[in-house]
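Structure at a glance
Given next are the chains, with one letter for each unit.
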Amino acid sequence: MSNRLSRASDRLSGAWLARAFAALSVLGLLVTVAGVAAMAIAAESIGRKTWGAYFAMEQAMAIGTPVAVVFAGLSVLGGFAVVYTTDTSTAGSTRRSSDD
């Protein structure tokens, strides 16, 4: 039973939350950029090349750009949070023996 409790407390630790926040913000950024790119590719390559398709692409960019900027900022903050919450005991284990 105590093993379950320790896993639950590990999940709610600051490091786990920082990693989850960073991962979700990067994922949101990737999805936003991919969505805008898909709209631009569709407007250019489907063969429509009409003003309506280009207008839809402009609208996707107008909506997607501020969203992408917010996700980019959150990704940077998430990266700082991951670095800040890194446990110093695990950071020392990545040293090579030749570094001593």
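Residues numbered from 1 in each chain as written. Predicted model: local features only at pLDDT ≥ 70, side-chain atom pairs only at ≥ 80, totals over all residues. Heavy atoms only, no water.

1. Points about the overall build of the protein
When you go through the protein residue by residue, the secondary structure sums to four helices and zero strands. Listing each helix as α and each strand as β along the protein from the N terminus yields α-α-α-α. Sequence-distant contacts in the protein: of pairs separated by 6 or more residues, those separated by 24 or more amount to 73%. Here the protein displays about 7600 Å² of accessible surface, and carbon together with sulfur accounts for 68% of that area. (Helix = DSSP H or I, 4+ residues; strand = E, 2+ residues; numbered from the N terminus. Contact = heavy atoms within 4.5 Å. Areas by Shrake-Rupley, 256 points an atom, 1.4 Å probe, with all protein chains shown as cover.)

2. Some remarks on the packing of helix H2 (residues 14–45) against helix H3 (residues 51–84)
At a closest axis distance of 8 Å, the pairing of H2 and H3 adopts a crossing angle of 160 degrees. Relative to H3, H2 is oriented roughly antiparallel. Our pair here, H2 against H3, has a crossing hand that is left-handed. Here the residues of the contact of H2 with H3 sort into 24 nonpolar, seven polar and two charged. (Axes fitted to C-alpha atoms, helices over the stretch in contact; angles between N-to-C directions. Parallel < 35°, antiparallel > 145°, perpendicular 65-115°, else oblique. Left-handed = near helix turned anticlockwise from the far one by under 90°. Nonpolar A, V, L, I, M, F, W, Y, C, P; charged D, E, K, R; others polar.)

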